Amino acid sequence: MKILQTLAFYLLVLVIVVVSVFPFYYAILTSFKTGTSLFEVDYWPTSFSLSNYYSVFQQGEFLRNILNSIFVATMTVALALLMAVTASYALARVRFRGRGLLLMTILAVSMFPQIAVLSGLFEMIRFIGIYNTPWALILSYTIFTLPFTVWVLTTFMRDLPVEIEEAAIVDGATPWQIITKVFLPLMWPALVTTGLLAFIGAWNEFLFALTFTSSNETRTVPVAISLLSGATQYETPWGIIMAASVLVTVPIIILVLIFQRKIVAGLTAGGVKG
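From a predicted model like this one, the values you see are computed outputs, not experimental measurements. Within any chain, residue numbers begin from 1 and follow the written order of that chain's sequence. For a predicted model such as this one, the threshold for reporting local features is a pLDDT of at least 70, and the threshold for listing and counting side-chain atom pairs is 80 or more; totals across whole chains, interfaces and linings nevertheless cover every residue. By convention in this description, side-chain values take in all heavy atoms of the structure and omit both hydrogens and water.

A.B. asks: Help me understand the environment of Pro45 in this model?
C.D. replies: Helical segments are the DSSP runs of H or I of at least four residues, strand segments are the runs of E of at least two, and each set is numbered from the N terminus. With respect to the helices and strands, Pro45 occurs in the loop between α1 (2–31) and α2 (51–58). Put simply, Pro45 and Thr213 are 168 residues apart on the chain and 38 Å apart in space, counted from C-alpha to C-alpha. Here a residue-residue contact requires only that any non-hydrogen atoms of the pair lie within 4.5 Å. Residues within four places of Pro45 in sequence aside, it is in contact with Tyr25 and Leu29.

This is the structure in structure tokens:
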């Protein structure tokens, strides 16, 4: 009976892995195909051509788009973590009336679909004067990233021993010194988790990037990929799109593999209390 349960478990794991990995695997196979072979269903490599990858960088300003995505995602993570760390300290350590209601209100912001606030954000961005600039995306991404980061960091900070904070207060530390010199070194798993998930969200976001940018110089990778076309008017763009998708997905996979232990530790923080 135990052997059957073990086999069933590993079979389930295998199915989940195949379902999760197969789309990316097939995208890699397709990115090496050209011409009519793009429409042939093959599950093993049958051809190898880098022409699609060359075509990606020959169209528009794809490298510039990648740099735009890196800048926008990095700034979003930096601003979100800076505000989330300070907010989580207040919500987890400072007692004031309405603290629970405020935390639930922050979380409720993330429940709104992007399309519901798109027009309002568009008008605000035009009023501020940052339309068609990276700062329009940074502002909108930070607004939608903050609820998740605040919630995770607040939960993590609540589980930190109160004695550490009390000892720092006795030594004369200010609240900012407590945050930066006492709590931050202990919060690395949660910071890596929230930061990486915020980075991935900003890297892959499409709707705001399409709405708040109008020139190729300011577009990010998802919009740039959607606008890719064939090298000639008679050539299908699917191989080029797959090549571009592989190029922008591999760095994210590498980051996840590097920080996977920190991610697991951050996601499970606060889940068990002893």
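A.B. asks: Explanation requested: the packing of aromatic side chains in the structure shown.
C.D. replies: Two rings from Phe, Tyr or Trp (for Trp, the six-membered ring) form a pair when their centres are within 6.5 Å of each other. A pair whose planes differ by under 30 degrees is stacked, one over 60 is edge-to-face, and the rest are tilted. Scanning the model with the defined rule gives 15 aromatic pairs in all. Seen in terms of ring centroids, Phe122 and Phe212 are 6.4 Å apart; in terms of plane orientation they differ by 20°. Their pairing is stacked. Remark: Phe212 occurs in helix α10 (residues 207–212) and Phe122 occurs in helix α5 (residues 114–128); sequence separation between them is 90 residues. Note on Phe212: relative accessible area 0%, which makes it buried. Aromatic rings pair up to connect Phe122, Tyr131, Phe144, Phe208 and Phe212 into one cluster. When a residue's accessible area, from a 1.4 Å probe over protein chains only, is under 20% of the maximum for its type it is buried; when over 50% it is exposed; and in between it is partly exposed.

A.B. asks: How should I be thinking about the nonpolar core in this particular structure?
C.D. replies: One broad rule of soluble globular proteins: the nonpolar side chains tend to lie buried together. Phe62, Leu153, Phe183, Met187 and Phe212 are the most contacted members of the largest nonpolar core, which totals 58 residues. Ranked by residues supplied to this core, first place goes to helix α3 (residues 62–93) with 11 residues. Those residues within four positions of Leu153 in sequence are excluded, and the remaining contacts are Leu81, Ala84, Val85, Ser88, Met187, Ala190, Leu191 and Thr194. Residues belong to one nonpolar core when they are buried, are Ala, Val, Leu, Ile, Met, Phe, Trp, Tyr or Cys, and are joined through side-chain atoms within 4.5 Å.

A.B. asks: Is there a simple way to explain the packing of α3 against helix α6 (residues 134–158) in this structure?
C.D. replies: For any two helices packed against each other, one specifies the inter-axial angle together with the distance between the axes. Each axis is a line fitted through C-alpha atoms, taken for helices only over the stretch in contact, and angles between the N-to-C directions span 0 to 180 degrees. Packing of α3 against α6 leaves a shortest axis separation of 6 Å and a crossing angle of 35°. As α3 runs across α6, the sense of the crossing is right-handed. Classification used: nonpolar for Ala, Val, Leu, Ile, Met, Phe, Trp, Tyr, Cys and Pro, charged for Asp, Glu, Lys and Arg, polar for all others including Gly. Here the contact of α3 with α6 is composed, by residue class, of 22 nonpolar, 6 polar and 2 charged. Left-handed describes a crossing whose near helix is turned anticlockwise from the far helix by less than a right angle; the clockwise case is right-handed.

A.B. asks: Before we go on, may I ask you to explain a nonpolar patch on the surface in this structure?
C.D. replies: Residues enter patches when their relative accessible area tops 30% and they take part in no salt bridge; the joining distance is 9 Å for like charges and 5 Å for the nonpolar side chains Val, Leu, Ile, Met, Phe, Trp and Tyr. We get accessible surface area from the Shrake-Rupley algorithm with a probe of 1.4 Å; when it comes to residues, only the shown protein chains can shield them. The salt bridge criterion pairs a side-chain nitrogen of Lys or Arg with a carboxyl oxygen of Asp or Glu, the two atoms within 4 Å. On the surface, Leu11, Leu14, Val15, Val18, Val19, Phe22, Val41, Tyr43 and Trp44 cluster together to form a nonpolar patch covering roughly 960 Å² of accessible area. Counting through the fold element by element, Leu14 comes out in helix α1.

A.B. asks: Help me out: how do you make sense of the environment of Met111 in this one?
C.D. replies: Within the element layout of this structure, Met111 appears in the loop between α4 (99–109) and α5. Since its relative accessible area comes to 62%, Met111 is described here as exposed. Sequence separation between Met111 and Phe144 is 33 residues; the distance between their C-alpha atoms is 9.4 Å.

A.B. asks: Teacher, can you tell me more about helix α12 (residues 238–258) here?
C.D. replies: Note that an α-helix has 3.6 residues per turn; residues three or four places apart therefore point the same way. Its 21 residues place the ends of α12 30 Å apart at the C-alpha level, agreeing with the 30 Å of an ideal helix rising 1.5 Å per residue. The reported bend at a residue is simply the angle between two axes, fitted to the 7 residues ending at it and to the 7 residues beginning with it. Most pronounced at Thr249, the bend in α12 amounts to some 25°, and the proline Pro251 follows within four residues. Of the residues making up α12, those classed as buried are Gly239, Ile240, Ile241, Ala243, Ala244, Val246, Val248 and Ile252. Those residues of α12 that are buried lie in contact with α1, α2, α3, α9 (188–204) and α11 (221–226). Between the first and last residue of a helix there are one fewer steps than residues, each counted as 1.5 Å, and that sum is the expected span.

A.B. asks: Which parts of the structure should I look at to understand the environment of Leu255?
C.D. replies: Relative to the helices and strands, Leu255 resides in helix α12. The sequence separation of Leu255 and Asn216 amounts to 39 residues, and the corresponding C-alpha distance is 27 Å. When near neighbours in sequence (up to four residues on either side) are disregarded, Leu255 contacts Leu196 and Phe199.

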